[in-house]
Amino acid sequence: MTTWRRAHAWHPPLMTVAALMGVCALVSAVGLVVDPREILGAPAWAKPLKFSLSILLYTLTWAWLIAHLPRWRSLTRALGTVIAVTLVVEQVLIVWAAATGTTSHFNVSNGLHATVWAVMAVSITVMYLATFVTSAAVFLVRFEDPALTLALRGGVLVALVGIGVAFLMTAPTPAQLSAPTGIIGAHAVGVPDGGPGLPLLGWSTNGGDFRVAHFVGIHALQVLPLLALLTRAAGRRLTRPDSPTTRRHLSLTAAVVYAAATVLLTVQAWRGQSVVHPTGVVLVLGCGLALAAVVTTTVLVVRRPHPALLPAPRPARRAATPGPT
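Note that the structure is predicted; figures quoted are calculated from it, not measured.

Draft legend 1. Structural detail: helix α2 (residues 12–34). Here α2 contains 23 residues, and its C-alpha end-to-end distance of 33 Å stays within 8% of the 33 Å for a straight helix at 1.5 Å per residue. Within α2, the full set of buried residues consists of L14, M15, V17, A18, M21, C24, A25, S28 and G31. Elements that come into contact with the buried residues of α2 comprise α1 (2–8), α3 (46–67) and α4 (73–100).

Draft legend 2. Looking closely at the nonpolar core. Of all hydrophobic cores here, the largest spans 56 residues; its most connected members are L14, Y58, W62, L65, I83, V138 and L224. Those elements that place two or more of their residues in this core are α2, α3, α4, α5 (111–138), α6 (146–165), α8 (210–218), α9 (220–237) and α10 (244–270). By residue number, the principal contributor to this core is α6, which donates nine residues. Other than its neighbours up to four places away in sequence, L65 contacts V138, L152, V156 and L221.

Draft legend 3. How the structure looks around a nonpolar patch on the surface. A cluster of nonpolar side chains, W72, L75, F132 and V133, forms an exposed patch at the surface whose accessible area comes to about 380 Å². Secondary-structure assignment places F132 in helix α5.

Draft legend 4. Representation of the packing of α4 against α5 within the structure. Running from N to C, α4 and α5 point in directions that differ by 155°, and their axes come no closer than 9 Å. On the basis of the axis angle, α4 is roughly antiparallel to α5. Taken as a pair, α4 and α5 cross one another with a handedness that is left-handed. Within the contact of α4 with α5, the residues separate by chemical class into 19 nonpolar, six polar and one charged.

Draft legend 5. Region of interest: the environment of H187. Topologically, H187 is positioned in the loop between α7 (174–178) and β3 (188–189). A C-alpha to C-alpha distance of 39 Å links H187 and A234, two positions 47 residues apart in sequence. With residues near it in sequence (within four places) discarded, H187 still touches K47, F106, M169, D193, G208, D209, F210 and R211.

Draft legend 6. Local environment of the packing of aromatic side chains. If you walk through the whole model with that rule in mind, you get four aromatic pairs. Ring centres 5.7 Å apart and planes at 0° place the aromatic pair W64 and F143 in the stacked group. Taken together, the residues span a long stretch of sequence, with W64 in helix α3 and F143 in the loop between α5 and α6 at a distance of 79 residues. Here the aromatic rings of F106 and W117 are separated by 5.3 Å at their centres, their planes lie at 70°, and the arrangement is edge-to-face. Placement of F106 in the loop between α4 and α5 and of W117 in helix α5 is noted, with a sequence separation of 11 residues between them.

Draft legend 7. Expanded view of the side chain of S251. Turning to its location among the elements, S251 is positioned in helix α10. Reaching out from S251, the side chain makes a polar contact with the backbone oxygen of A147 at a distance of 3.1 Å. Setting aside residues up to four positions removed in sequence, S251 forms contacts with A147, L150, A151 and A228.

What counts and what doesn't
The numbering scheme is per chain: residues are counted from 1 as the chain's sequence reads. Residue-level local features of this predicted model are given only where pLDDT is at least 70; pairs of side-chain atoms are given and counted only at 80 or more, and the full residue set underlies all totals for whole chains, interfaces and linings. The basis for every side-chain value is the complete set of heavy atoms in the structure, and neither hydrogens nor water enter the calculation. Helix numbers and strand numbers start at the N terminus; a helix is a DSSP run of H or I with at least 4 residues, a strand a run of E with at least 2. Between the first and last residue of a helix there are one fewer steps than residues, each counted as 1.5 Å, and that sum is the expected span. Only protein chains enter the calculation, and the probe is 1.4 Å; a residue is then buried if its accessible area is under 20% of its type maximum, exposed if over 50%, and partly exposed in between. Contacts: residue pairs with any heavy atoms within 4.5 Å of one another. For the purposes of this section, nonpolar cores are sets of buried Ala, Val, Leu, Ile, Met, Phe, Trp, Tyr and Cys residues that join through side-chain atoms within 4.5 Å. Nonpolar side chains (Val, Leu, Ile, Met, Phe, Trp, Tyr) within 5 Å and like charges within 9 Å form the patches, drawn only from residues with over 30% relative accessible area and no salt bridge. Accessibility throughout is a Shrake-Rupley quantity obtained with a 1.4 Å probe, and a residue counts as covered only by protein chains that appear here. Counted as salt bridges are all cases of a side-chain nitrogen of Lys or Arg within 4 Å of a carboxyl oxygen of Asp or Glu. Interaxial angles span 0 to 180 degrees and are taken between N-to-C directions of axes, which are lines fitted to C-alpha atoms, for helices over the stretch in contact. Put simply, angles under 35 degrees are roughly parallel, angles over 145 are roughly antiparallel, angles from 65 to 115 are roughly perpendicular, and the rest are oblique. Here a crossing is taken to be left-handed if its near helix is turned anticlockwise relative to the far helix by less than a right angle, and right-handed if that turn runs clockwise. For this scheme, ten residues count as nonpolar: Ala, Val, Leu, Ile, Met, Phe, Trp, Tyr, Cys and Pro. Four count as charged, namely Asp, Glu, Lys and Arg, and the remainder, Gly too, count as polar. Whether two aromatic rings pair depends on their centres lying within 6.5 Å, for rings of Phe, Tyr and Trp, where Trp uses its six-membered ring; planes under 30 degrees apart make the pair stacked, over 60 edge-to-face, and the rest tilted. Whenever a nitrogen or oxygen atom comes within 3.5 Å of another N or O atom, the pair is scored as a polar contact, on the condition that within protein one atom can donate a hydrogen and the other can accept it, and that pairs from neighbouring residues in sequence are kept only if both atoms are in side chains.

As structure tokens, then:
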């Protein structure tokens, strides 16, 4: 309980939402087992489960980040509350749609559904704007580890791009313009929503799907800092002393590659290609990006400076500290 109280003090509204999402994930997992209904070919409770887990990670990360901000703390704590409220609104409506057996996104088939979709659209837009301002504040954070600082800054930037991909889904497709069906917007490109997709994730295996880049981009906020922490842990276990410069360059490489991958996945979806069937220029660029990442990482690791060439350690700067606990 002491650990939870300390974590909850990072940002009580965001941490409360994280706890609620944990409960919602459990309920949704039970729903997958006991409720056989499907919505657009996917289990009815798959979407609430995915959003529960994603929001849980998102709110945990932002609660921790906001607690570590040395400036703009009052503003960012207020914006964190806005983010928490908008995500609760989003999730409540997603769960409601699953419980009633209908779609939550893009549905304007009647007045009620149009209102639900409008509320969701406004909520996610407000959340994006609040996240944008809070992300700017992250650039004021300087941790003792420069590699982690760089990873966090790269993470918030790529996450903003990932969230922004969602807005590409809201435009009506040519088929919807020619034959209105009460649906405006789609996850898939080149094929109707609800076709064959990856298990649980639902990403289209027949056409493009913006949800891939959306998902990958958003979670840069967790992946890039985690990679920075893993490289630091690995560096401490190597026989040659760890090089902060090497780890900083590795963090930069990871951020650039991750950002490029998010953009490439967006282009792939826009071209109507399934993530599991890359072809043409997307396949070439993807292979080139993977090769560049491997080569750059290998060179950085192999060419770590010899201990005798490392600069003498300087007194550690005071790292950003969390808010009151």
